[in-house]
Amino acid sequence: MEGIIKKYREFLPIKDDSKIITLNEGNTPLIRTSRLRDYINRGIDLYLKYEGLNPSGSFKDRGMTVAISKALEEGSKAVICASTGNTSASAAAYAAKGGLKAYVLIPKGKIALGKLSQAMMHGAVVIQLDGNFDEALKIVRDVSGKRPITMVNSLNPYRIEGQKTAAFEICDQLGSVPTFHSLPVGNAGNITAYWKGFKEYKSCGRISSLPKMIGFQAEGAAPIVRGKIIKAPETVATAIRIGNPASWKQAEAARDESGGTIDMVSDEEIINAYQLIARYEGIFCEPASAASVAGVIKLNKEGYFKKGDSIVCTLTGHGLKDPESAIKISGEPITLPPEVDKILEILEL
Ligand code: AN7
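Residues numbered from 1 in each chain as written. Predicted model: local features only at pLDDT ≥ 70, side-chain atom pairs only at ≥ 80, totals over all residues. Heavy atoms only, no water.

## Details of the environment of L53
In this fold, L53 is placed in the loop between β2 (45-50) and α3 (60-73). Judged by its relative accessible area of 44%, L53 falls in the partly exposed class. Between the C-alpha atoms of L53 and C285, which are 232 residues apart in sequence, the distance is 9.7 Å. For L53, the contacting residues outside a window of four places in its chain are T28, P29 and H318. (Helix = DSSP H or I, 4+ residues; strand = E, 2+ residues; numbered from the N terminus. Buried < 20%, exposed > 50% of the residue type's maximum accessible area, 1.4 Å probe, protein only. Contact = heavy atoms within 4.5 Å.)

As structure tokens, then:
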């Protein structure tokens, strides 16, 4: 099936087939963990939804195919977004495919290199701000009201519509509903979208229960957990370096309606999970994505899960987005002269 719009057409507000812009997003693997599960808790069943395998390398593509298709349907010629990186990469790619002009506002020096390279390669106008994501989003909201340009942040309802299809896919792949669904939380669009998706699948009878939604912010960027706007958010997980999430209330509703929780994890816990996912499961995700697993590790230590619980963690973005973080925590490679003896010495076999 080509892309999430064709696959989940009946759940999406697309009217004009000729305006569908897709890069064949979705249909990402749901991977059952073994070594990572054994490390955390042998009594649970732990799955990773590897959204880094979307065309631009993140879950944003599910929302962007719908947002860009609708922008074209509505006759728009240009799109704009604020971004910690992945939204800008996805918007730039889908705008390129759709022949739309894209403007992206990013916090200077605070987005991972891979994401910046994508936005630039796809021909977006990249505007770096001496400010953070929250300030960039405020400007984008202002500007899109003053000019004929479509905002493609998750305040655009079509983004949420597309992203909810990840919840459908998980139920289809699992053949059931997980006990818990774990996500990193930044601007809180994705947790809102997943909860909407699970609820819609239940109301049309495709599933008979709902998961508990568990979301994780970074300690230095945890407005929902702390109950107040964070003016200067900081975390190694730059994707979720957000102090005033646009979908704050909807995230709280997902948490409360599902009986889940929104908690925070430290940068150290994020980096630890980032490394464990790579070393135990062979899956490379970006630091923000690892917050979902870091959160499960944290709650597990508090005895939150019961024997037999199934947990799906969404790995929102690909590890190659942020090679600098990976290299920084991995230490120096070994340097040797090109001699067999020297290599044999270090093999430890
Ligand atoms: C890898 O690109 O906000 O809670 O501007 O890139 O829906 O915001 C990215 C967010 C998690 C948080 N993981 O999702 C942006 C942006 C990754 C992300 C999130 C983001 P939301």
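## Quick notes on empty space enclosed by the protein
For the structure shown, the criterion picks out one cavity of 30 Å³ or more. Here the largest cavity is characterised by a volume of approximately 310 Å³. F59, K60, G186, N187 and A239 are the residues nearest the centre of the largest cavity, which is lined by 26 residues in total. Mapped onto the lining of the largest cavity, the elements with two or more residues apiece are α4 (86-98), α7 (157-163) and α9 (189-203). In terms of residue count, the dominant contributor to the lining of the largest cavity is α9 (three residues). The class makeup of the residues in the lining of the largest cavity is eleven nonpolar, twelve polar and three charged. (1 Å grid on protein atoms, 1.4 Å probe; cavity = no way out; pocket = protein on both sides within 12 Å on 5 of 7 lines; lining within 4 Å. Points joined across faces, edges and corners; volume = space filled by probe spheres on them. Nonpolar A, V, L, I, M, F, W, Y, C, P; charged D, E, K, R; others polar.)

## A look at the pairing of strand β7 (residues 180-184)
Both faces of the sheet carry side chains from a regular strand, because those side chains alternate between them. Of all five residues that make up β7, five are buried, and the element is covered over most of its length. Here β7 shows two buried faces, one formed by F180, S182 and P184 and the other by H181 and L183. The parallel pair β7 and strand β8 (residues 212-218), bridged by α9, forms a crossover whose chirality is right-handed. Direction of pairing for β7 relative to strand β10 (residues 310-315): parallel, over a ladder of three bridges. Residue pairing for β10: H181 is matched across the bridge by V312. (Right-handed = clockwise from strand over helix to strand, strands pointing away. Pairing = 2+ DSSP bridges.)

## Details of the packing of helix α8 (residues 165-174) against α9
Relative to each other, α8 and α9 sit at 55 degrees, their axes nearing to 7 Å. Between α8 and α9, the interaxial angle falls into the category oblique. In this structure, the crossing between α8 and α9 has a hand that is right-handed. Contacts from A166, A167, F168, I170, C171 and D172 of α8 reach α9 at Y194, G197, F198, E200 and Y201. Considering only residue class, the contact of α8 with α9 consists of eight nonpolar, one polar and two charged. (Axes fitted to C-alpha atoms, helices over the stretch in contact; angles between N-to-C directions. Parallel < 35°, antiparallel > 145°, perpendicular 65-115°, else oblique. Left-handed = near helix turned anticlockwise from the far one by under 90°.)

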